[in-house]
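What follows is each chain in one-letter form.
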Amino acid sequence: MSAPSADLCWEVVRDQSSYLVKRPNLAPMSRDPFALTNFHSYKYSGVNDKAVAVQVAPSGKGVQVTSKITKHAGFPAKNLQTVIFNKNKSSRTTYKAVATAAAARGYRADLRQAAIARASAILLSQRSKKAAAVSKPRGKAARA
């Protein structure tokens, strides 16, 4: 028995997904790890046969890119390919690698910008904070 199509799965779970977040006066959002922009739509969902997820690396430093392998669509254990880009590399190198992983060999070129934006936000959050500069006294305090 083959797996049902991604379109059929989306039609079944789109209104009742456990990842679905509904708020009044807002568009439906998604907590799906494969939803790069957190919009609840078929284009960004993990139900799609070709999906890309960009997350924090398990070590807490760097970026983990997970993509689905289309030829193993019916085998969940073999379905995912994960690559970890370490924080020791420069940001530009990491962005290039994420873009290549998302859009290599015609995989999902439409997700390239969203994947880079997610990786950028993750790397920005992992930067250490600068120490606050000591302010010099001004006015009467400086003369005293």
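In what follows, the accompanying structure is described. Given the structure is predicted, the values throughout are model-derived calculations rather than measurements. Here the residue numbering is sequential within each chain, running from 1 through the sequence in written order. Under the rules for a predicted model, residues below a pLDDT of 70 receive no local features and side-chain atom pairs below 80 are neither given nor counted, while totals for whole chains, interfaces and linings still include all residues. Heavy atoms throughout the structure, all of them, feed into the side-chain values; hydrogens and water do not.

A few points about the nonpolar core
One broad rule of soluble globular proteins: the nonpolar side chains tend to lie buried together.
Logical step 1: Here, the term nonpolar core denotes a set of buried Ala, Val, Leu, Ile, Met, Phe, Trp, Tyr and Cys residues that are joined through side-chain atoms within 4.5 Å. Only protein chains enter the calculation, and the probe is 1.4 Å; a residue is then buried if its accessible area is under 20% of its type maximum, exposed if over 50%, and partly exposed in between. Formed by 17 residues in total, the largest nonpolar core has its most connected members in Leu36, Val52, Val54, Val63, Val65, Val98 and Ala115.
Logical step 2: Elements with a contribution of two residues or more to this core: β3 (52-56), β4 (63-68), α2 (91-103) and α3 (112-125).
Logical step 3: The greatest single-element share of this core, amounting to five residues, is contributed by α3.
Logical step 4: What Leu36 contacts, discounting residues up to four positions off in sequence, is Tyr44, Val52, Ala53, Val54, Leu111, Ala114, Ala115 and Arg118. Put simply, DSSP H or I for four residues or longer makes a helix, DSSP E for two residues or longer makes a strand, and each gets a number counted from the N terminus. Throughout, a residue-residue contact means that at least one pair of heavy atoms, one from each residue, lies within 4.5 Å.

Here's the deal with the sheet that holds strand β5 (residues 80-85)
Logical step 1: We treat two strands as partners when DSSP finds at least two bridges between them. Ordered by their spatial adjacency, three strands build an open sheet running β3-β4-β5, and the pairing between neighbours is antiparallel. The two strands at the open ends of the sheet, each matched to only one other strand, are β3 and β5. For this sheet, the mean inter-axis angle between neighbouring strands, taken without regard to orientation, is 20 degrees.
Logical step 2: Angles shown run from 0 to 180 degrees and are taken between the N-to-C directions of axes, each axis being a line fitted to C-alpha atoms and, for helices, limited to the stretch in contact. Docked against the sheet, α2 engages β3, β4 and β5, running at close to 10 degrees with respect to β4.

Quick word on the side chain of Asp32
Logical step 1: Counting through the fold element by element, Asp32 comes out in the loop between β2 (29-30) and β3.
Logical step 2: Under the convention used here, Asp and Glu are negative, Lys and Arg are positive, and both His and the chain ends fall outside the count. Criterion for a salt bridge: a side-chain nitrogen of Lys or Arg within 4 Å of a carboxyl oxygen of Asp or Glu. Lacking a salt bridge, the buried Asp32 has Lys68 as its closest oppositely charged neighbour, with an N-O distance of 7.4 Å.
Logical step 3: A distance of 2.6 Å separates the side chain of Asp32 from the backbone nitrogen of Gly46, its partner in a polar contact.
Logical step 4: Leave out the neighbours within four places in its chain, and Asp32 touches Tyr19, Ser45 and Gly46. Any pair of nitrogen or oxygen atoms within 3.5 Å is treated as a polar contact; in protein, a donor-acceptor pairing is required on top of that, and neighbouring residues in sequence qualify only through side-chain atoms on both sides.

Regarding the packing of aromatic side chains
Logical step 1: Aromatic rings from Phe, Tyr and Trp, with only the six-membered ring used for Trp, were paired whenever their centres fell within 6.5 Å, and each pair was classed as stacked if the ring planes differed by under 30 degrees, edge-to-face if by over 60, and tilted otherwise. In total, this model carries one aromatic pair according to the counting rule given.
Logical step 2: Centre to centre, the rings of Trp10 and Tyr42 are 6.1 Å apart; their planes meet at 55 degrees, and the pair counts as tilted. Taken as a pair, Trp10 in helix α1 (residues 6-13) and Tyr42 in the loop between β2 and β3 lie far apart in primary sequence, 32 residues in all.
Logical step 3: Classification of Trp10 as buried rests on a relative accessible area of 10%.
Logical step 4: The ring centre of Phe75 lies 5.6 Å from the NZ or CZ of Lys78, which sits over that ring. To sit over a ring, a charge needs its Lys NZ or Arg CZ within 6 Å of the ring centre and within 35 degrees of the ring normal.

In short, geometric facts, not functional conclusions.
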